[in-house]
Amino acid sequence: MRNLIFVFSVMLLWSCNPKKTSSDKSSATSEVAGKGKEGHIEENELKDEEILNLVQRQTFDYFWDGAEPNSGMAPERIHIDGDYPQNDEDVVTIGGSGFGLMAILVGVERGFITREQALERYEKIIGFLEKADRFHGVWPHWLYGKTGKVKPFSAEDDGGDLVETAFMVQGMLTVAEYFKDGSEREKELVGRIEKLWHEVEWDWYTKGGEDVLYWHWSPEHGWKMNFPVGGYNECLIMYVLAAASPTHPIKPEAYHHGWARDGAISTDKAYYGLKTVLDHYEHDDAPVGPLFWAHYSYLGLNPKGLSDRYGDYWELNKNHALINYKYAVDNPENHKGYGPESWGLTSSYSINGYAGHRPGNDRGVISPTAALSSFPYTPDESMQMLRYLYQDADSLVGKYGPYDAYSQEENWYVQRYLAIDQGPIPVMIENYRSGLLWNLFMENKDVRKGLIKLGFSAPGISDKK
């Protein structure tokens, strides 16, 4: 524990150094701890439990200490360097805040905060969401944290965002399960969450009854964004919740026709000797998508034993993560720094803006969230990456955990964070360690009904009411 505190303190101090790169030695850690060859932490200095606690605490802090003060919500981004080119320091994110709701539960269970502290924060967040802009019950992608008014994501994306809302509802329902048998005050929070859940008009977003869900609707631009959501990608949770809604449900046909494309979503393709299970791209031949597809829908939705007529979701996600690992080890494009201790391609900051990194769109950039949020699927491989970051490349770690992305090839990284990348880390690590969020979300009676309605099978969903 003493070494853990030393290392944590060093990470906080070094997070303010904008010039340090991933190739530098971790000399500060050895100066404080007094151990380690060439400035690195000896592998036995931090036990697995200690290093997992450390990264969970730091990434949790993004949503706790780093929260926007008025709303309690997660900032879309936190830039340690203080440079916000879009002047969006007070802009909060709906999806990332949904992940944050679940990260706060991790904080309670790991003893970072008390249950009462979490309750107070949840009351603030739910109070903000009750008054914030909604469009047929659906929140926009971004809100101004000081006012609750929509911050347009793009010129025509200034209304409801059904995918981001699904990520928020996933978090809210998990919180409701946690507090549903608690005190009167806790039950009052649950009632407020359920009201918001019931007010989401999922069926409105079928554009008048089409057999597909649309991502966006705006009172100003209507359906002009015109984005019907077909699979496979990060949006499975949206269809599950839309089917599960007790007040505004979609028909199963929307899932089977719109999402599963009348069965075309299934595939027998393999990559690096592993089945991809589902077709990741309808319009090109990319083998797999960015790795966040294996995370966002599965923060609460437990893929273990989950299957439907189209595929086995544990095999899907485990293989997706392993393909990422094997790809980095093989390193077909010969990028510097790729290997068994430095792997993971997903959407993140990149050398020039934001990019969806994946095989086929590989820019030499590694995003730590990709490997760390894959702990349930690749525990050994993910631990290698975690130890690399904290023992060999601590310049890549700051106040809120690993920075968003880096490239050894370009000697590049930024002291910046994104909520949607930090949020899955503590949640998925906790699912690996205890199954906490999976167990809570899968207990929700509406969710179980929705899964059954769409033809899913999973342990326990059919024998509970």
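Everything here concerns the structure above.
What counts, and where the lines are drawn
- Residues numbered from 1 in each chain as written.
- Predicted model: local features only at pLDDT ≥ 70, side-chain atom pairs only at ≥ 80, totals over all residues.
- Heavy atoms only, no water.
- Helix = DSSP H or I, 4+ residues; strand = E, 2+ residues; numbered from the N terminus.
- Buried < 20%, exposed > 50% of the residue type's maximum accessible area, 1.4 Å probe, protein only.
- Pairing = 2+ DSSP bridges.
- Core = buried A, V, L, I, M, F, W, Y, C linked by side-chain atoms within 4.5 Å.
- Contact = heavy atoms within 4.5 Å.
- Axes fitted to C-alpha atoms, helices over the stretch in contact; angles between N-to-C directions.
- Parallel < 35°, antiparallel > 145°, perpendicular 65-115°, else oblique.
- Left-handed = near helix turned anticlockwise from the far one by under 90°.
- Nonpolar A, V, L, I, M, F, W, Y, C, P; charged D, E, K, R; others polar.
- Expected span 1.5 Å × (residues − 1).
- 1 Å grid on protein atoms, 1.4 Å probe; cavity = no way out; pocket = protein on both sides within 12 Å on 5 of 7 lines; lining within 4 Å.
- Points joined across faces, edges and corners; volume = space filled by probe spheres on them.
- Phe/Tyr/Trp six-rings, centres within 6.5 Å; stacked < 30°, edge-to-face > 60°.
- Lys NZ or Arg CZ within 6 Å of the ring centre and 35° of its normal.
- Salt bridge = Lys/Arg side-chain N within 4 Å of Asp/Glu carboxyl O.

Enquirer: In this structure, what is going on with unusual backbone geometry? I would like to understand it.
Expert: Of note, the amide linkage connecting G231 to Y232 takes the cis form, showing an omega dihedral of 20 degrees. Note that Y232 resides in the loop between β6 (216-217) and α8 (236-244). Its identity is not glycine, yet N226 carries a phi of approximately 50 degrees, on the positive side. On the accessibility criterion, N226 (46% relative accessible area) is partly exposed. A positive phi angle, close to 55 degrees, is found at R261, a residue other than glycine. Here R261 shows up in the loop between α9 (252-259) and β7 (270-271).

Enquirer: Help me out: how do you make sense of the sheet that holds strand β3 (residues 142-144) in this one?
Expert: Strand pairing in a sheet relies on backbone hydrogen bonds, with the paired strands running either antiparallel or parallel. Taken together, the three strands give an open sheet; going across it, the order is β2-β3-β4, and neighbouring strands pair in antiparallel fashion. In this open sheet, the two edge strands, each paired with only one partner strand, are β2 (91-93) and β4 (150-151). Of the strand pairs in this sheet, β3 and β4 are connected by two bridges, and their pairing is antiparallel. Bridged to L143 within β4 is V150.

Enquirer: Mind showing me how you'd approach the nonpolar core here?
Expert: Generally speaking, a soluble globular protein has its nonpolar side chains buried in company with each other. Counting residues in each nonpolar core, the largest one holds 149 residues, and the members touching the most others are L129 and W202. Of all the elements, helix α6 (residues 162-179) adds the most residues to this core, at 12 residues. The residues touching W202, leaving out its near neighbours within four places in the chain, are L162, A166, V169, W197, L213, M238, L241, A242, S245, H248 and I250.

Enquirer: Could you clarify how one ought to interpret the packing of helix α4 (residues 94-109) against α6 in this entry?
Expert: If you want to describe how two helices pack, look at the angle between their axes and the distance between the axes. For the pair α4 and α6, the least separation of the axes is 6 Å and the interaxial angle reads 25 degrees. Between α4 and α6, the angle is such that the two are roughly parallel. The element α4 and its partner α6 pack so that their crossing is left-handed. Touching I94, G95, G96, S97, G98, F99, L101, M102, L105, V108 and E109 of α4 are E164, T165, F167, M168, Q170, G171, M172, T174, V175, Y178 and F179, all from α6. Residues belonging to the contact of α4 with α6 are distributed by class as follows: 12 nonpolar, eight polar and two charged.

Enquirer: Explain α4 to me, please; I cannot follow it from the model alone.
Expert: Given 3.6 residues per turn, any residue in an α-helix points the same way as the ones three and four places further on. A rise of 1.5 Å per residue sets the reference length of α4, with its 16 residues, at 22 Å; its end C-alpha atoms lie 23 Å apart and thus fit the reference within 8%. Taken across its 16 residues, α4 has 15 buried, putting it largely inside the fold. Directly beyond the C-terminal end of α4, a positive phi value near 80 degrees is found at G111.

Enquirer: Can you walk me through the layout of surface pockets in this structure?
Expert: The rolling of a water-molecule-sized probe over the atoms marks out the regions of remaining empty space. What the largest pocket holds in volume is close to 900 Å³. Taken together, 34 residues make up the lining of the largest pocket; nearest its centre are F153, W215, F227, E234 and F292. Residue assignment for the lining of the largest pocket shows that the elements contributing at least two residues are α6, β11 (347-350) and β12 (353-356). When residues of the lining of the largest pocket are assigned to their parent elements, the largest contribution, three residues, is made by α6. When its residues are assigned to classes, the lining of the largest pocket shows 16 nonpolar, 10 polar and eight charged.

Enquirer: How do you make sense of the packing of aromatic side chains when you look at a structure like this?
Expert: Applying the stated criterion across every chain yields a total of 37 aromatic pairs. Their ring planes at 50 degrees and their centres at 4.9 Å tell us that W215 and F227 sit as a pair that is tilted. Note that W215 is positioned in the loop between α7 (184-199) and β6 and F227 in the loop between β6 and α8, a separation of 12 residues in sequence. The class for F227 is partly exposed, based on a relative accessible area of 39%. Judged by centre distance (5.6 Å) and plane angle (45 degrees), the rings of Y313 and F456 are tilted. With Y313 in helix α10 (residues 313-330) and F456 in the segment after α16 (445-453), this residue pair connects regions lying 143 residues apart in the sequence. The two residues Y313 and F456 agree in class, both being buried. The ring of W64 has R121 sitting right over it, with the charged end atom 4.0 Å from the ring centre.

Enquirer: Would you take a moment to explain the environment of H295 for this structure?
Expert: Inspection of the secondary structure puts H295 in the loop between β8 (274-275) and β9 (307-308). Judged by relative accessible area, which is 2%, H295 ranks as buried. Along the sequence, H295 and T369 sit 74 residues apart, while their C-alpha atoms lie 9.7 Å from each other. Setting aside anything within four residues of it in sequence, one finds H295 in contact with T369, A370, S373, S374, Y377 and P424.

Enquirer: Sorry if this is basic, but what is going on with α6 here?
Expert: Its 18 residues give α6 an end-to-end C-alpha distance of 25 Å, which sits within 8% of 26 Å, the value for a rise of 1.5 Å per residue. Burial of α6 is extensive: 18 of the 18 residues sit out of reach of the surface.

Enquirer: Got a minute to help me understand the pattern of salt bridges in this structure?
Expert: Pairs can form between side chains of opposite charge once their charged atoms are near each other. Tallied over the entire structure, the rule returns 20 salt bridges. Note that R433 is salt-bridged to E49, the shortest N-O span being 2.6 Å. One end of the pair, R433, is in helix α14 (residues 424-433); the other, E49, is in helix α3 (residues 48-64), with 384 residues separating them in the sequence. Across the salt bridge formed by D211 and K251, the nearest N and O atoms sit 3.9 Å from each other. Here D211, found in the loop between α7 and β6, pairs with K251, found in the loop between α8 and α9; they are 40 residues apart in sequence, far enough to count as distant.

Enquirer: Mind showing me how you'd approach the pairing of β11 here?
Expert: Residues in a regular strand point their side chains to alternate faces of the sheet. As defined by bridge partners, β11 adjoins β12 across four bridges and the pair is classed as antiparallel. Paired with S348 across the bridge in β12 is A355. Hairpin geometry of β11 and β12 is characterised by an intervening segment of two residues between the two adjacent antiparallel strands.

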